[in-house]
Amino acid sequence: MATKKRQRQANIKITQESYIKERDIEYVISAKEYEIGLGKIMLGDCTTLLLSRIVGTVDLTFLDPPFNQSKEYAEHDDSMEPAEYWNWMKTIAQKVYDLTTEGGAIYFMQREKNTEHVLQCLRESGWVFQNLIVWKKKTSAVPGNHRYGKQYQVIAFATKGKTPRVFNRLRINPPLPQGYKYERENGMFVTDIWDDIRELTSGYFAGEEPLRDKEGNRLHKQQSPIELLTRIILSSSMPGDKALDPFAGTGTTAVVANQLGRTSVSIELDLKNVNAIKKRCEEQKPSDDIGKFYAGYRYTSNLEEIWGQNKEKQFLERSLLKKQISLL
Ligand SMILES: C[S@@+](CC[C@H](N)C(=O)[O-])C[C@H]1O[C@@H](n2cnc3c(N)ncnc32)[C@H](O)[C@@H]1O
């Protein structure tokens, strides 16, 4: 295992030095690729696979890399030297920038303590900063002895060029804060604080969404919620656009993109995860159905157009009807 990790590190160093070398070409040509609904998944290292002729152009990227916090990954060393790690992140951000269409967007998720690095990384690779989204967790804060407990992750939203080509102003209708007297008439615009999306947890509150192995253990501890990707994809793309996820994990981006009529390219290093993504997309579970979020965005003026399918509208009509029936 140690040898494999050293080999991976060597590959990363090589690709940081040069954009494409003979060895990279060989590696890319041997890469495996599979169809997953409207998208495709590539098995391999995104450092090498992010070459334009392989991936093509993209409109939106969700970047959720390993956070370099010594987590166990089968194929990746999560304990790199910080400078080496951030150098690598910059290489990835730069390659994604090159592939992105004018006005396209990137959402780069990280731990809050790394905000400074994230912003620097995006700026130095050409991206124009738009928002620092605070994704507030619903579980209790990670306590600190000498500082406040930590309860959020950051998602930096940036674009290629000053103005996004697409930015759909989503409206939601969260519960009124205490002391507010009147109900909102048509919800409110989504702000840069996202405190309404629950992270996927282990234990009591885990629910059906996290993928599990035969023993019931979680297949991937960093699986992102479909609700998070629904918001990102709806905000920054239109049906027919292409979403990229260079660190696909369990394929959440592809699962959501498929349902919203976007194409996608997912890259993942670990074969076990690639197989899980294929299965997840081929046999979609009810817990992966994003139709349940449609009603929450009902005040968005162009929702029908950006959702890309009428199935979800029917879902809303069905649930409204059910509600009416239960009130009778
Ligand atoms: C934080 S997880 C992403 C989780 C994902 N957002 C989801 O919803 O499941 C990061 C993933 O990147 C993968 N990975 C690590 N190094 C990689 C590389 N060089 N190229 C492609 N994938 C890589 C890991 O195997 C891991 O599954």
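Residues numbered from 1 in each chain as written. Predicted model: local features only at pLDDT ≥ 70, side-chain atom pairs only at ≥ 80, totals over all residues.

**Section: the site of the ligand**
- Contacts to the ligand come from 22 residues, most closely from S224, F247, G249, T250 and T252.
- Broken down by secondary-structure element, the contributors of at least two residues to the shell around the ligand are α3 (46-49) and β11 (263-268).
- Of the residues that constitute the shell around the ligand, the class distribution is seven nonpolar, ten polar and five charged. (Near = placed C-beta within 6 Å. Helix = DSSP H or I, 4+ residues; strand = E, 2+ residues; numbered from the N terminus. Nonpolar A, V, L, I, M, F, W, Y, C, P; charged D, E, K, R; others polar.)

**Some words on the confidence of the model for the chain**
- Per-residue pLDDT for the chain has a mean of 87; in total, 84% of the residues score no lower than 70.
- Long-range and interchain partners of residues 9-20, a stretch whose pLDDT sits below 50, account for 14 contacts in this model, where long-range means more than four residues apart. (pLDDT = per-residue confidence, 0-100. Contact = placed C-beta atoms within 7 Å.)

**Here we look at helix α5 (residues 82-99)**
- The end-to-end C-alpha separation of α5 is 26 Å, in line with the 26 Å expected for 18 residues at 1.5 Å each.
- Y85, W88, M89, T91, I92, A93, K95, V96 and L99 are the residues of α5 that are buried. (Expected span 1.5 Å × (residues − 1). Buried ≥ 20, exposed ≤ 12 C-beta atoms within 10 Å, placed from the backbone.)

**With respect to the packing of helix α8 (residues 252-259) against helix α9 (residues 271-282)**
- Contact geometry for α8 and α9: axes closest at 10 Å, N-to-C directions at 20°. Viewed along their axes, α8 and α9 adopt a mutual orientation that is roughly parallel. For the pair α8 and α9, the sense of crossing is right-handed. Counted together, A254, V255 and N258 of α8 and I277, R280 and C281 of α9 form the full contact between these two elements.
- In terms of residue class, the contact of α8 with α9 is made up of four nonpolar, one polar and one charged. (Axes fitted to C-alpha atoms, helices over the stretch in contact; angles between N-to-C directions. Parallel < 35°, antiparallel > 145°, perpendicular 65-115°, else oblique. Left-handed = near helix turned anticlockwise from the far one by under 90°.)

**Brief notes about the pairing of β11**
- Burial analysis of β11 places six of its six residues in the buried class, the great majority of the element.
- Burial along β11 is two-sided: T263, V265 and I267 and S264, S266 and E268, pointing in opposite directions, are all buried.
- Where strand β2 (residues 39-43) and β11 come together, four bridges link them in parallel fashion. Each residue of the ladder has a partner; that of K40, found in β11, is V265.
- For the handedness criterion, the β-α-β arrangement of strand β10 (residues 242-245), α8 and β11 is classed as right-handed. (Pairing = 2+ DSSP bridges. Right-handed = clockwise from strand over helix to strand, strands pointing away.)

**Describing the nonpolar core**
- Counting residues in hydrophobic clusters, the biggest one holds 63 residues, and the most contacted among them are Y107, F108 and I233.
- Ranked by residue count, the leading element in this core is α5, at seven residues.
- Those residues in contact with F108 that sit more than four places away from it in its chain are L63, V118, L122, I155 and A156. (Core = buried A, V, L, I, M, F, W, Y, C linked by C-beta atoms within 7 Å.)

**Focus on unusual backbone geometry**
- Phi at N68 is positive, roughly 60°, even though this residue is not glycine.
- Here N68 is to be found in the loop between β3 (58-63) and α5.
- Its identity as a non-glycine residue notwithstanding, S70 has a phi of 60°, on the positive side.

**Some thoughts on the sheet that holds β11**
- Spatially, nine strands are ordered β1-β2-β11-β10-β3-β4-β6-β5-β9 in an open sheet, and the strand pairing comes out mixed. Strands at the two margins of the open sheet, each flanked by one partner only, are β1 (32-36) and β9 (193-194).
- Judged from the eight bridges that link them, strand β5 (residues 128-136) and strand β6 (residues 152-159) form a sheet pairing that is antiparallel. Bridged to V134 within β6 is V154.
- Along the sheet face, α5 touches β3, β4 (100-111) and β10 and points at about 155° away from the line of β4.
- Strands β1, β2 and β11 of the sheet are contacted by α9, whose axis makes an angle of about 165° with β2.

**Looking at the pairing of β2**
- Counted residue by residue, β2 has four buried out of five residues, so it is predominantly covered.
- Sheet topology note: the β1/β2 ladder contains five bridges and is antiparallel. If you follow Y34 over to β2, its bridge partner there is I41.

**A word on the packing of helix α7 (residues 226-236) against α8**
- Viewed as axis vectors pointing N to C, α7 and α8 meet at an angle of 55°, and their least axial separation amounts to 9 Å. When the axis of α7 is compared with that of α8, the two are oblique. In this structure, α7 meets α8 at a crossing whose hand is right-handed. Together, I226, L229, T230 and I233 of α7 and T252, T253, V255, V256 and A257 of α8 make up the contact between the two elements.

**Let's talk about the environment of R231**
- Mapped onto the elements of the fold, R231 is located in helix α7.
- With 25 C-beta atoms packed within 10 Å, R231 lands in the buried category.
- Each C-alpha atom of the pair R231 and V190 lies 9.4 Å from the other, and the pair is 41 residues apart in sequence.

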